[in-house]
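# Analysis of the macromolecular model
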Amino acid sequence: MADQSAGRVGKRLQRILLLVPYVIAHPGATVDELARKFGVRKRDLLADLNLVFMCGLPGYGPGDLIDVTIDDDRVFVRMADYFAAPLRLTPAEALSLYVGGRAVADVAGVNQGDALDRALTKLGRALGESAPERAGVDVAVAGGAADHMAVLTKALEDHKAVEIEYFSASRGITTTRVVEPWTLYGALGRWYLVGLDHASEEERMFRVDRIHSVVETDEPAEPPSDLDLSRYRNAFRDSRHARSLTLEISPGASGWFADYYPIRSSKTLPDGWVQVELAFSGVRWAATLLLTLGADARRPSDQEVVAEARKLAAALAAGHRQPVA
Amino acid sequence: MRRIERLVNLIAALLDTSQPLTAEDIRATVAGYDQPDHEAFRRTFERDKASLRDIGIPLEVVPTDPFGERADAYIIPKARYYLPQLDLEEDELAALQLAARSLDGDDQVGAGLLKISVAAEGDAPVGPRTLWGSDLVTETPVVIAFYEALLDRRSVTFTYRSPDGSTTERSVALYGLVHRRGHWYGVGKDAARDDIRTFRLERVEETPIAGSDTYEIPEDFDAAAYVGTQAWEAETATQTDAVVRFSKSMRWWAEQNLTGNPATEGPAGSMDVQLTLGRPDALVSWVIEFGGEASIVTPESLRERLLLRIAPYTEEA
């Protein structure tokens, strides 16, 4: 409990050390404006200002205390020159700003000309030795063709649907489809186009690197007003798929397997192998998984998946057995 | 007086003073330190110092007497407290604000943006409500602890869970922190193994402890090379060259996504791409995922490895 209250005091102190320089830089800002900017209720903001009013320098006479005036809803702070600039960025704040910027800076169309590059350079210069880049931090999200990201970003801004030629690895075919873009989402180090797929009339995620071509259409597109991006955070570990596959994983592979695949349940067998129940929707996806596991998986429960795995294995074997041209 | 008022007064006094203040100076002059006895004052002051450091305030301790007979004194150096002038143009700040959305819901990025926008005129233009997001996370205690250790060049000690489930105690001089494929990796010199190792931060069991020794990072060290963009790229002691053939209908993928790799025309409209890999097993999985549209041309040993992998499904049942 002590930690929690310290955390609360710390948060409020951080806010006050930012509020004072902000009001000094923007004399006459309204209480509403400040409450919105700092994401607090109006009465909490007024409480902060009242608190600052009680503080100052040793002596604590009229000439030493911070002068806070609220005149017709407008706020003024004087006699606090020592608080005229905010506290430097903490390492965690600097890291977050850098990572957020770096993640999208390589993507044409997202960079706003080169404004983001310029901003990150200035940020790095100000941080000096402690700049994440100089310290050895490196972040990248793979986007596929840079031109694709530019077209997709523009379509999002224009609220227009796109037509894409897309390779679906889970089905092994390339199709042309119209998608109403909702957002671009970086997951597992790759960009995905999330949107309403006209063909299936469902929400789908498309890997941008598997988009062969993309053009903006004239069809209007409007993302749902209640779109909640946090639901995509664990989309790749989602175990709500319709079908389930039971298989046994070798002791060597069972350690990492659960980190990567949507597992419903697991049980260790007497010989050390682990029986898992896996959620899936596409037969080809599950068949590919069996092939990549090879001898590290046994007793797959779904015969349709096994048949597909044999079919794929035959195609792969043909490609790898014939003499090299 | 409430604690938070006392803290504001303490920061103001230590920031405004030109001479470091001793604990006794502080007790005598700063409002809020009217504890009845020395012990109560000492406890209060210790707690307050910790609170200041917790939120990143650079509180410096200055010895006032080279013979250590007089008490230490305290000051907050202005040059280390204030955020340096960034002089961000309007479009630069707007771009940063837009980019920060890729860390949706991260408290740190919000706090950081507020700090750097204090000096900005008015509100930066707000772009489309939702344009992008990501699963990038920087707010976990392990990421922050690794980052701070990297900044200070202080080695970290932690319990690491290997892919096979076993755990080991590691002590590592971090050379870099790399985000690839949706995961954070720490790259550095493992003391016990006397070699460069890569650690996935999700496998670090508890918040690591930073040691007191410091180290130098070798010049031109490329941490990202040890992680690789594709799983098979990760740099290891033995690098292998391989050629992967993309079929006529899938070569566009390689043309769009493997732009830096040398490529030549293959038979029947296919394309052969040259790759350098550190983890052959990961390449085998990667080729399998193309479902027959990609195949390994060389080396022979890697072709055999792929055939061995899929053998349970090519043999007659």
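Residues numbered from 1 in each chain as written. Chains lettered and ligands numbered in written order. Predicted model: local features only at pLDDT ≥ 70, side-chain atom pairs only at ≥ 80, totals over all residues. Heavy atoms only, no water.

### Some details on the overall build of chain B
Basically, it comes down to this: Under the scheme used here, helices are H or I runs from DSSP no shorter than 4 residues and strands are E runs no shorter than 2 residues, and both carry numbers assigned from the N terminus. Burial status follows relative accessibility: with a 1.4 Å probe on protein chains alone, a residue under 20% of its type maximum counts as buried, one over 50% as exposed, and anything between as partly exposed. The accessible surface values rely on the Shrake-Rupley method and a 1.4 Å probe; as for residues, cover is taken only from the protein chains in view.
Regarding its fold elements, chain B presents eleven helices and 13 strands. Projected onto the principal axes, the alpha-carbon positions of chain B cover approximately 90 × 50 × 40 Å. Going through the 317 residues of chain B one by one, you find that 51% of them count as buried. Counting every atom, chain B has about 14700 Å² of accessible surface; 48% of that belongs to carbon and sulfur.

### With respect to the packing of helix α10 (residues 280-288) of chain B against helix α11 (residues 300-310) of chain B
Residue and element names in this part refer to chain B. Rule in force here: Between N-to-C directions, angles span 0 to 180 degrees; the directions come from axes that are lines fitted to C-alpha atoms, helices contributing only their stretch in contact. Should the near helix be turned counterclockwise from the far one by less than a right angle, the crossing is left-handed, whereas a clockwise turn marks it as right-handed. The contact criterion used is simple: two residues touch if any of their non-hydrogen atoms lie within 4.5 Å.
Orientation of α10 relative to α11, taken along the N-to-C sense of each, is 65°, at an axis distance of 10 Å. As for how α10 packs across α11, the hand of that crossing is right-handed. Residues P280, D281, L283, V284, S285, V287 and I288 of α10 pack against L302, R305, L306, R309 and I310 of α11.

### Observations regarding the interface of chain B and chain A
Stated formally: The term buried area means the drop in 1.4 Å probe accessible area that two parts suffer when joined, counted for both and summed. Salt bridge criterion: a side-chain nitrogen from Lys or Arg within 4 Å of a carboxyl oxygen from Asp or Glu. Side-chain atoms alone can form a polar contact between residues adjacent in sequence; in general such a contact is a pair of N or O atoms within 3.5 Å, and within protein one must be able to donate a hydrogen while the other accepts it. Ten residues, namely Ala, Val, Leu, Ile, Met, Phe, Trp, Tyr, Cys and Pro, are considered nonpolar, four, namely Asp, Glu, Lys and Arg, are considered charged, and the remaining ones, Gly among them, are considered polar. Here a strand pair is declared whenever DSSP counts at least two bridges between the two strands.
Taken residue by residue, the interface counts 117 residues in chain B and 113 residues in chain A. Roughly 10300 Å² is buried in total at the junction of chain B and chain A, and carbon and sulfur atoms are behind 63% of that figure. Where chain B meets chain A, there are five salt bridges. One salt bridge in this structure joins A:R118 and B:D91, with 2.8 Å as the shortest N-O distance. Across the chain B-chain A interface, the total number found is 25 residue pairs in polar contact (both at pLDDT 80 or more). A per-element tally of the side of chain B that touches chain A places helix α1 (residues 3-16) of chain B first, with eleven residues. Residue composition of the side of chain B that touches chain A, by class: 63 nonpolar, 24 polar and 30 charged. In this structure, strand β6 (residues 173-187) of chain A lies alongside strand β4 (residues 132-134) of chain B, joined through three bridges in parallel fashion.

### Points about the packing of aromatic side chains
All names here are of chain B. Under the convention used in this document: The pairing test for Phe, Tyr and Trp rings, Trp by its six-membered ring, is centres within 6.5 Å, and the orientation test on the planes gives stacked under 30 degrees, edge-to-face over 60, and tilted for anything in between.
Summed over the entire model, instances satisfying the criterion amount to 23 aromatic pairs over all chains. Relative to Y82, the ring of Y81 has its centre 5.3 Å away and its plane inclined at 85°; by these criteria the two rings are edge-to-face. Residues Y81 and Y82 agree in their burial class; the two are buried. Between the aromatic rings of Y175 and F221, the centroid separation amounts to 4.9 Å while the plane-to-plane angle is 75°, which identifies the pairing as edge-to-face.

### A short note on helix α9 (residues 283-293) of chain A
Residue and element names in this part refer to chain A. Of all the eleven residues making up α9, ten are buried; the element is thus mostly covered by neighbouring parts of the structure. Looking only at α9, the buried set comprises V283, R284, A286, A287, T288, L289, L290, L291, T292 and L293. A positive phi of about 55° marks G294, the residue just after α9.

### Focus on the nonpolar core
Our working definition: The definition of a nonpolar core used throughout is a set of buried Ala, Val, Leu, Ile, Met, Phe, Trp, Tyr and Cys residues joined through side-chain atoms within 4.5 Å.
Judged by nonpolar contacts, the single largest core of 77 residues is most densely connected at A:V137, A:L184, B:I116 and B:F146. With residues near it in sequence (within four places) discarded, B:I116 still touches A:L89, A:L97, A:L123, B:L83, B:L86, B:L88, B:L93 and B:L96. One finds A:A169, A:L247, A:A253 and B:A242 within the second-largest nonpolar core, a separate group that totals 54 residues.

### Remarks on the sheet that holds strand β13 (residues 297-298) of chain A
Sheet strands pair via backbone hydrogen bonds, and the direction of the pair is either parallel or antiparallel. Residue and element names in this part refer to chain A. If you trace the four strands from one edge of the open sheet to the other, you get β11-β12-β10-β13, paired in antiparallel fashion. Single-partner strands in this sheet number two, and they are β11 (263-268) and β13. For strand β10 (residues 243-249) and β13, the ladder comprises two bridges, and the chain directions are antiparallel. If you follow E248 over to β13, its bridge partner there is R298. Of the strands in this sheet, β10, β11 and β12 (274-280) touch helix α8 (residues 251-260), which is tilted by about 140° from β10. Along the sheet, α9 makes contact with β10, β12 and β13, crossing β12 at roughly 150°.

### Digging into the side chain of B:D190
All names here are of chain B. Looking at the secondary structure, you find D190 in strand β7 (residues 183-190). Side chain to side chain, D190 and R193 meet in a polar contact 3.2 Å long. The contact partners of D190, leaving out residues within four places of it in the chain, are R170, S171, V172, D195, R197 and F199.

### Thoughts on the confidence of the model for chain B
The condition that has to hold: Scored between 0 and 100, pLDDT is the confidence that the predictor attaches to each residue.
Of all residues in chain B, 94% have pLDDT values of 70 or greater, and the mean over the chain is 87. Averaged pLDDT values over the elements of chain B bottom out at 75 in β4(B) and peak at 95 in α1(B).

### A short note on the sheet that holds strand β1 (residues 29-30) of chain A
Residues and elements named next belong to chain A. With respect to topology, three strands assemble into an open sheet ordered β1-β3-β2, the strand pairing being antiparallel. A single partner strand is all that each edge strand has here, and the edge strands are β1 and β2 (67-71). Where β1 lies against strand β3 (residues 74-78), two bridges are found, and the strand directions are antiparallel. Each bridged residue has a counterpart across the sheet, and for T30 the counterpart in β3 is R74. Each of β2 and β3 touches helix α3 (residues 42-53); the most contacted strand, β2, lies at about 140° to it.

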